[in-house]
Each structure stands twice: as structure tokens, then as C-alpha cells.
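Spelled out from the first residue to the last, the chains are:
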Amino acid sequence: MIFSTVGDKGSPSVPLWKRAVRAPSVLDWIRIGLLFIGVACVLTGLLPIAEARASVERIAPLMLFLVSVIVLAELTKEAQVFDVIAARLALLGRGAYPALFLLCVAFASATTIFLNLDTTAVLLTPVMLALAPRAKIAPLPLAMTTVWLANTASLLLPVSNLTNLLALNKLGLSAPEFAVRMWLAQTVAIAGTMALLWVFYWRRGVRGADRYEPAPPEPIRDPVLFWGTGAACLLFIAAILAGLQIEVAAIVAAALAVAAYLVRDRRSLRPSLIPWQLLVFVTGLFLVVPTLMRHGLGDLMTWLVGTGEGFAGLLRTAAAGAGLSNTVNNLPAYVAGEQVVPAANLDQLLALLVGTNVGSVITPWASLATLLWFEWCRRRGVRVPLGKFVLTGAVLAILLLPSVVWVLALA
């Protein structure tokens, strides 16, 4: 029933219609404005209708995947799967920070790799921040682990990042083939991220405590939803590793999760599960960027990216992708860069992915995942020192890019 109420633990009941429809934020209006600009480009003839249609047709399967995987992740979080895993990790660590660090890195990396970096930012961030006060852990190390690995752990699979999905058709690789090509680069990226996370945020002198107190896990409210959505996630992971079309795998897994909620908790199937903000943003982006490419941006990108495929050429491409990502955002950076990379230079396209994925850790707007992460930190009252965020992110990008590109060239 649309006017029934849904209460969160410890907070007053909120009418379902208010949860389904909220006032647009400033970021939402920017997304809407981008879509209007894109439509205006088509209506004024700056972007030919045929080219606009081709852009929209290209992203349609990706949008289908994105909606399905975010609905799956939202329902999985609602069923407490992420909360239970996070609490179990704290218990497994037994009060030792090094053990907790390794477990949190594994959790954040796996979530990013298999369920998309935006899932890590949107769903894992609040879980980790909620765990911090219960276990008496400083929240910033947990938060930085989440946001850095949301970006740097997004190289391995096509589903890990929307940029990977965009590259997949041009690369002509299946999901397992993509993973074989990127596994070494992904390993180096995660290892480098771990080293700097420990130095900047997790070591004793920064975190301010020798040990933490593991908090007991909360009881599972509905075991059917818990195990049902958990099984749907495992099915999704198995399907993409088996080479099934990613949008098909996501739709099937999301349908299973929705079916479980239809039986057990229909009130949770609210319209706000649909990520309309992402749909609006990506659609507008794929109308605006092709327009700009036709009117001067293409020449600039050709000069920035170059055409070399040796180590120096690949590093130049990655650096251009990282620089543009931190100037505007990694999605338009990838889209613009992809259009000037020669079709035969597949290694160069992979280097562009390294730059836009791994390098987008310096500015708060470098990736959508980072923007979403900042919003959650604000909601939870977690202070993120912007100067330290930018400085440590710059060190991470500067050290990681050459290392990851080097192993990519070797592979």
C-alpha cells in the first residue's frame, strides 16, 4: 500500500511515498541539465539524429544491466547481507587491526569486482560507517578503504565499471577473456592501494588505537530474504564468469531477488530502487560528448592521448585519461578518449581504462562512485579532510599508474 509506513530501527516511521519520491539534490539537477543539453544538441542539429540514435542504442544494454545490478544490490543490502558480512569480518579480525584491514580490503575489492564500483560506494559505504561506532573503530580508515578500492579494484571484470562495459564491444573480448587480460594489472592496483591505505590511514600513528572491540552481529530479520538475495548474487557472479551476457545475468539475478521480496516484503519494492539519476546522467553524457567531439574536442583528445603503444605511449594515454577524469569525470574522459584511440590499438584502449579507473582518485568529482561516497560520508557525519584526500589520492595515482601500465604492457 502506497501510504503504509516503513520504519528503520531507531528512527521514526517514514511514509513509503516520501521514501519513493524525494526532492532532487543539486547533483540531480546537474544530471537533468546535462540531459536537456544533450537533447538540445540533437534538436539544433549540432549532433545528427543518426549519430544520437547510435549512441543511445549502444548504451541501452548497459543501462539495462546497470538498473538490474543496482536493484539486486539494493535488495541484497535491505536483506542485511552486507551488514552481516561486515559484522562477521570484525569478529574474524578478533580486535587486531592488521587482520581487519586485510578483511576489509578483500570485502571492498570483491564487491567492486563482482557487483560494480557504484555498489561499493552506495551500499558498502554506509555499512562500513555503521560498523565503525559499534566496534569503536575510527570511521575514516574504513571510508577511505571503500572509496579507493571502489575505483582501483574496478579493472578485472566488465561489470566492475561502466567504462569497462563501454570498452567491451570495441575490444571484442568475453568477460573471462577480459579477466585474463587484466588480472595482473588488477593485482598490482590492489596491492599498491593496500600499501598506501596502510601508510596514510591504517597505521597505528594515524588510526589512534592498538586494538578494536568486535561488535556482535545483529540478528537476521528474514532468513528467506537473506539467503535468497545472497544466492541471487552468487548466481550472478557465476553467470558472468561462465561468459553469459552480462545484462541477461543481471536481469535473471535481479528477478530472483524481486521474486523473493514479492513473497516476503512487497513494501520494499519501491520506485526509488530504480537509479534514474544514473540513467539520466549517462544518457545526457552520450549525447553531449559526441557533440563536443564533432566541434573541436576530438582534436584536443588526439593530441593528449597520442597513438603510441609502447610503455611510454600507453603511460601517456593512461595519464591523459586520469588527468581528464580528475578535471571533469571519468565517464566523459573515457568516452572522449575512446573515440580517438585507433581501432587496432587494443592495448592503448586498456591503458585508457587504467587511467580512468585507477587514476580517478584525486578529486571528489573524478568518478560517480566518489561523488556518491562523499554524500554518504556527509550523511553519516564523517569528516573527510579534503586536503589530505586530494594529496593522498594524487600520490596513489602517481605511483599506481606507471606500475599498472608497466604490467599491462608486459602482459
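Residues numbered from 1 in each chain as written. Predicted model: local features only at pLDDT ≥ 70, side-chain atom pairs only at ≥ 80, totals over all residues. Heavy atoms only, no water.

Looking at an unreviewed UniProt entry, one finds the protein named Arsenic transporter and attributed to Herbidospora solisilvae. Recorded in UniProt for the protein, the comment headed Subcellular location (unreviewed entry) runs: "Cell membrane". (UniProt positions renumbered as here; feature names shortened; annotations may be inferred.)

(A) Up close: the side chain of Q80. Within the fold, Q80 resides in the loop between α3 (49-78) and α4 (81-93). For Q80, a relative accessible area of 6% corresponds to the buried category. The contacts of Q80, once residues within four sequence positions are left out, are E218, P219, I220, R221, D222 and F226. (Helix = DSSP H or I, 4+ residues; strand = E, 2+ residues; numbered from the N terminus. Buried < 20%, exposed > 50% of the residue type's maximum accessible area, 1.4 Å probe, protein only. Contact = heavy atoms within 4.5 Å.)

(B) Summary view of the pattern of salt bridges. Scanning all chains against the criterion turns up six salt bridges. The partner of D347 in a salt bridge is R181, and the shortest N-O contact between them spans 2.6 Å. Of this pair, D347 sits in helix α16 (residues 346-358) while R181 is found in helix α9 (residues 175-202), placing the two residues 166 residues apart along the sequence. Residues R264 and D222 are paired through a salt bridge, measuring 3.1 Å at the closest nitrogen-oxygen approach. With a gap of 42 residues between them, R264 in helix α12 (residues 246-264) and D222 in the loop between α10 (204-207) and α11 (223-241) connect regions that are remote in the sequence. (Salt bridge = Lys/Arg side-chain N within 4 Å of Asp/Glu carboxyl O.)

(C) View of the packing of α3 against α4. Close contact between α3 and α4 brings their axes to 5 Å; oriented N to C, the two are set at 60°. For the element pair α3 / α4, the angle class is oblique. Residue-level contacts link A73, T76 and K77 of α3 to V81, F82 and D83 of α4. Considered class by class, the residues forming the contact of α3 with α4 number three nonpolar, one polar and two charged. (Axes fitted to C-alpha atoms, helices over the stretch in contact; angles between N-to-C directions. Parallel < 35°, antiparallel > 145°, perpendicular 65-115°, else oblique. Nonpolar A, V, L, I, M, F, W, Y, C, P; charged D, E, K, R; others polar.)

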